[in-house]
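The residues making up each chain are set out below.
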Amino acid sequence: MSRHSLLAILLVGVVWTTGCLCDVSVLSVRNSLPTGQACGGSLAENLSSGARIYCPGSEEFTNSTQRWSTLDAPTFRLTVEVATENDVVEVVKYANQQNTSFLAVNNAHGAIITTGRVQNGIMIWMRQLDSIKIAEDGQTATFGGGIIDKTVTDGLWAARKQTVTGGCECVSVIGPGLGGGHGFLQGRHGLVSDQFVSLNMVMADGTLQTIDATHELWWAVRGAGHNFGIVTSITSKIYDVKYPQWSFQNFTFTGDKVEALFENINKYLLQNGTQPVDLWHHAFFSQAGIVLYILQEGVEAVSSAYTAPFLALHPVTTFAGTGDYPDLPGWVGWGRYGGTCHNAGLTATTRFPIELQTYDVRATRRVYDLFISTLNEIPALNRSAILLEGYAQQGVKAIPAKDSAYPFRGSNLLVAPVIRFVEGSKELEESAVRLGEALRDIFHESSGVMEKRVYVNYALGTESVGETYGEERWRLRRLRRLKRKWDPEGRFSFYAPIA
Ligand SMILES: Cc1cc2nc3c(=O)[nH]c(=O)nc-3n(C[C@H](O)[C@H](O)[C@H](O)COP(=O)(O)OP(=O)(O)OC[C@H]3O[C@@H](n4cnc5c(N)ncnc54)[C@H](O)[C@@H]3O)c2cc1C
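Calculation criteria
- Residue indices begin from 1 for each chain and proceed along its sequence in written order.
- In keeping with the model being predicted, local features are shown solely for residues with a pLDDT of at least 70 and side-chain atom pairs are shown and tallied solely at 80 or more, while totals for entire chains, interfaces and linings include all residues.
- Working from all heavy atoms in the structure, the side-chain values ignore hydrogens and water.
- Here a helix means four or more residues in a row that DSSP labels H or I, a strand means two or more in a row labelled E, and each is numbered from the N terminus.
- We take the radius of gyration over the C-alpha atoms and set the globule estimate at 2.2 Å times the residue count to the 0.38 power.
- With a 1.4 Å probe rolled over the protein chains alone, any residue whose accessible area is under 20% of its type maximum counts as buried; one over 50% counts as exposed, and the rest are partly exposed.
- Residue contacts are counted whenever heavy atoms from the two residues lie within 4.5 Å of one another.
- To measure how exposed things are, a 1.4 Å probe is used in the Shrake-Rupley method; for residues, cover is taken only from the protein chains shown.
- Counted charges follow a simple rule, with Lys and Arg positive, Asp and Glu negative, and His plus the chain ends left uncounted.
- Charged groups are reduced to one reference atom each: NZ for lysine, CZ for arginine, CG for aspartic acid, CD for glutamic acid.
- For this description, a residue counts as near a given molecule or strand if any of its non-hydrogen atoms is within 4 Å of it.
- Counted as a polar contact is a pair of N or O atoms within 3.5 Å, where, for protein atoms, one must be capable of donating a hydrogen and the other of accepting one, and residues adjacent in sequence contribute only when both atoms are in side chains.
- The method works on a 1 Å grid over the protein atoms by themselves. A cavity is a set of points holding a 1.4 Å probe that cannot get out, a pocket is an open set with protein on both sides within 12 Å along at least five of seven lines, and residues with an atom within 4 Å of a point line them.
- For this analysis, a molecule is said to be in a pocket or cavity if more than half of its atoms are within 2 Å of the grid points defining it.
- In the scheme used here, Gly and all other residues not listed as nonpolar or charged are polar, with Ala, Val, Leu, Ile, Met, Phe, Trp, Tyr, Cys and Pro taken as nonpolar and Asp, Glu, Lys and Arg as charged.
- Two strands make a pair as long as DSSP finds a minimum of two bridges between them.
- Angles here are taken between N-to-C directions and fall from 0 to 180 degrees, while the axes themselves are lines fitted to C-alpha atoms, restricted in helices to the stretch in contact.
- For classification purposes, an angle smaller than 35 degrees is called roughly parallel, one larger than 145 roughly antiparallel, one from 65 to 115 roughly perpendicular, and anything else oblique.
- Put simply, a crossing is left-handed when the front helix is turned counterclockwise from the back one by less than a right angle, and right-handed when it is turned clockwise.
- Grid points are joined across faces, edges and corners, and a volume is the space filled by probe spheres set on the points.
- Where each domain begins and ends follows an automated or database-derived domain assignment.
- Expected span of a helix, by definition, is 1.5 Å for each gap between consecutive residues, and there is one gap fewer than residues.

*Asks:* Just checking my understanding: could you explain the overall build of the protein for this structure?
*Replies:* Check the secondary structure of the protein and you find 15 helices and 19 strands. For the protein, whose C-alpha radius of gyration is 22 Å, the value lies close to the compact-globule estimate of 23 Å for 499 residues. Overall, the C-alpha framework of the protein stretches about 65 × 55 × 45 Å when taken along its three principal axes. Relative to its 499 residues, the protein shows a buried fraction of 63%. The long-range share in the protein, meaning contacts at least 24 apart out of those at least 6 apart in sequence, stands at 75%. Per element, the accessible surface of the protein, about 18,600 Å² overall, is 51% carbon and sulfur. Positive and negative side-chain charges in the protein, numbering 43 and 48 respectively, have mean positions lying 4 Å apart.

Structure, rendered in structure tokens:
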């Protein structure tokens, strides 16, 4: 086997492990159990006929509680698969009566370790709430609170519409959206949360509220929303599809190209933070080498103005393709039915995100060398990767930063060491965290920015409130005041809690 084909095979394996390891819904548990299992006490009496309760010891319970990352995962004493908005209300009231913590779960991709503070709690499984309804005027659509990206993209596409969702087909819309939510279309329209028109939310006391621009929480739910309630449905802006066609080019490089590669990314793609609105790029490091994807909207092939500088670096492999917008996740290894989208639930997957303005080429070289040398030293970490994501930012920057709780509208790049291992010893876990933090520190030191800016949806969970929600005093004051008022008991203080 040639060195090139071996590298290609290894990289396919890495894409498989770094993309969205998603799907807990491979189970066909609906209708397999009656409601009213013993572990739910009297709860079943108040639930709709479509709701299901799964108790520990059953296969359905085990499957329902599988998560994308095992590290410090929450534990549950029952799963309630809700079927209606009112089911969510009833479960929250029941949990409050029992003084039991609860957690809404869509596709269990939330890997932040603060959710591990839910122990012996109630899992509220949202997946049945996956409806989609386009308004008659074609300007908005209403989605169920458990809907995933692919259902939204495909449902809207059938009507020649689209909106901003996360890139990975099996991540939910609400999970990312409550913390901002990055997606391929954000250059045109802003973040996932920038699309919100209103949200139906079950509050800490079990009451239902509609949160729109007139509500006191409107600012907070767009960036810090996990702290305030459970969303049963959202109405979001949608758009006519103007550019159905997209194209991509993929390159793989060996490690000796780091400097030249990132100089090119800075110069030809990032362009001092003015990356063209029709471009998306994404690179990742793994032990097998470096992969770069460039995607461009509305063209039959990615413009040679972007590809030629990278071809001139003599990639090990390169290939290209074209198709429609719904094809994008599949190209980059984030498709729902590919190997990337299975939620194996077998590994601890820790992320150490930091936002940057540009690549410091020397720091990127140091990151690469430390990453590779540590993986060589500790083979148990060799499924790790470093994600280097470059979204167009025009739509995000067009919205004043003070208008929502999402704090980092000025950032250009989202990078994240993703350190993955099978849990075994404390020593291995400590090595993993040490590596992730050391890599993040190199990026941070080179950024010239005093504070660490950490995307809440990638956060490990050890970061400070200021690092995840923004260091400006007024932001933290406002968030804490709203939290005290709307969730005084801390019922929603498990996913990146404000306090
Ligand atoms: C493979 C992969 C790909 C990703 N791709 C992207 C991406 O393209 N863009 C991006 O911005 N982020 C992305 N992320 C990060 C993602 O935003 C977070 O992991 C997010 O928490 C996942 O949400 P989920 O609903 O799928 O996971 P879950 O674990 O089910 O939910 C995460 C948390 O959200 C809250 N929650 C869930 N549902 C509700 C609800 N209905 N109402 C209120 N709160 C709720 C709960 O606190 C829960 O703990 C990705 C993550 C992974 C693992």
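*Asks:* Would you mind showing me how to read the site of the ligand here?
*Replies:* Around the ligand, the structure places 35 residues, and the nearest of them are Asn106, Gly167, Ser172, Tyr455 and Tyr495. Taking asparagine 106, its main chain carries an N or O atom lying 2.6 Å from an oxygen atom of the ligand. Between the ligand and serine 172 there is a distance of 2.6 Å, counted from an oxygen atom to a side-chain nitrogen or oxygen. Applying the majority rule of atoms within 2 Å of the grid points places the ligand in the largest cavity. Breaking the shell around the ligand down by element, the ones donating at least two residues are β3 (102-105), α5 (174-178) and β10 (230-237). The element contributing the most residues to the shell around the ligand is α5, with four residues. For the shell around the ligand, the per-class residue count stands at 17 nonpolar, 16 polar and two charged.

*Asks:* Explain the sheet that holds strand β6 (residues 140-144) to me, please; I cannot follow it from the model alone.
*Replies:* In a beta sheet, neighbouring strands pair by backbone hydrogen bonds and run either parallel or antiparallel. Pairing in this open sheet of five strands is antiparallel, and the strands run β5-β6-β10-β8-β9 from one edge to the other. Pairing within the sheet leaves two strands with one partner each, and these edge strands are β5 (132-134) and β9 (208-212). Within this sheet the neighbouring strands show an average axis-to-axis angle of 15°, counted without direction. In the sheet, β6 pairs with β10 via five bridges, with the strands oriented antiparallel. Of the residues in β10, the one forming a bridge with alanine 141 is serine 236. Those strands touched by helix α4 (residues 149-157) are β5 and β6, and its axis lies near 35° from that of β5.

*Asks:* What's the story with the sheet that holds β3 in this structure? I'm lost.
*Replies:* Strand order in the open sheet made by the four strands is β1-β2-β4-β3, with mixed pairing throughout. Pairing within the sheet leaves two strands with one partner each, and these edge strands are β1 (52-54) and β3. Strand-to-strand, the axes of this sheet are offset by a mean angle of 20°, without reference to chain direction. Strand direction decides the pairing type here: β1 and strand β2 (residues 76-81), joined by three bridges, are antiparallel. When the sheet's bridge partners are listed, arginine 52 is paired in β2 with glutamate 81. Packed on one face of the sheet, helix α3 (residues 85-98) meets β2, β3 and β4 (121-125) and runs near 175° to β4.

*Asks:* Help me out: how do you make sense of the packing of helix α8 (residues 258-270) against helix α9 (residues 304-311) in this one?
*Replies:* The packing of two helices is summarised by the inter-axis angle and the distance between the axes. Two elements in contact, α8 and α9, have axes whose closest approach is 10 Å; the angle formed by their N-to-C orientations is 165°. With respect to α9, the axis of α8 lies roughly antiparallel. Judged by the twist between their axes, the crossing of α8 over α9 is right-handed. On the side of α8, the interface is formed by Leu261, Asn264, Ile265, Tyr268 and Leu269, while α9 contributes Ala305, Tyr306, Pro309 and Phe310. For the contact of α8 with α9, the residue count by class is eight nonpolar, one polar and no charged.

*Asks:* Can you walk me through the pairing of β6 in this structure?
*Replies:* Taken residue by residue, a regular strand's side chains alternate between the two faces of the sheet. Burial analysis of β6 places four of its five residues in the buried class, which makes it a mostly covered element. Inspection of the sheet shows β5 paired to β6 by three bridges, in the antiparallel sense. Of the residues in β6, the one forming a bridge with lysine 133 is threonine 142. The hairpin formed by β5 and β6 contains five residues between the paired strands, and glycine 138 there has a positive phi angle of roughly 70°.

*Asks:* Before we go on, may I ask you to explain empty space enclosed by the protein in this structure?
*Replies:* Leftover empty space is mapped by rolling, across the atoms, a probe with the size of a water molecule. Tallied over the full model, the rule gives seven cavities of 30 Å³ or more. By volume, the largest cavity amounts to about 960 Å³. Around the largest cavity, the lining is made up of 48 residues, and of these His109, Gly110, Val171, Gly175 and Pro176 lie nearest the centre. Of all the elements in the fold, those that place two or more residues in the lining of the largest cavity are α1 (3-18), β3, α5, β10, β18 (385-390) and β19 (413-421). When the residues that make up the lining of the largest cavity are grouped by side-chain class, the tally is 24 nonpolar, 18 polar and six charged. The space that makes up the second largest cavity amounts to roughly 80 Å³. Secondary structure elements with two or more residues in the lining of the second largest cavity: α4 and α10 (328-331). Looking at the lining of the second largest cavity element by element, the count peaks at four residues for α4. Here the lining of the second largest cavity is built from residues that sort into five nonpolar, four polar and four charged. Mapping the lining of the second largest cavity onto the domain boundaries places at least three of its residues in each of domain 2 (132-241) and domain 3 (245-469).

*Asks:* Explanation requested: helix α11 (residues 361-377) in the structure shown.
*Replies:* Counted at 1.5 Å a residue, the expected span for α11 with its 17 residues is 24 Å, and the 24 Å between its end C-alpha atoms agrees. Where α11 is concerned, the buried positions are Val361, Ala363, Thr364, Arg365, Val367, Tyr368, Phe371, Ile372, Thr374 and Leu375. Residues of α11 that are buried in the fold lie against α8, β13 (279-286), β14 (289-297), β18 and α13 (426-447). With a side-chain oxygen lying 3.1 Å from the backbone nitrogen of arginine 362, the N-terminal cap of α11 falls on aspartate 360.

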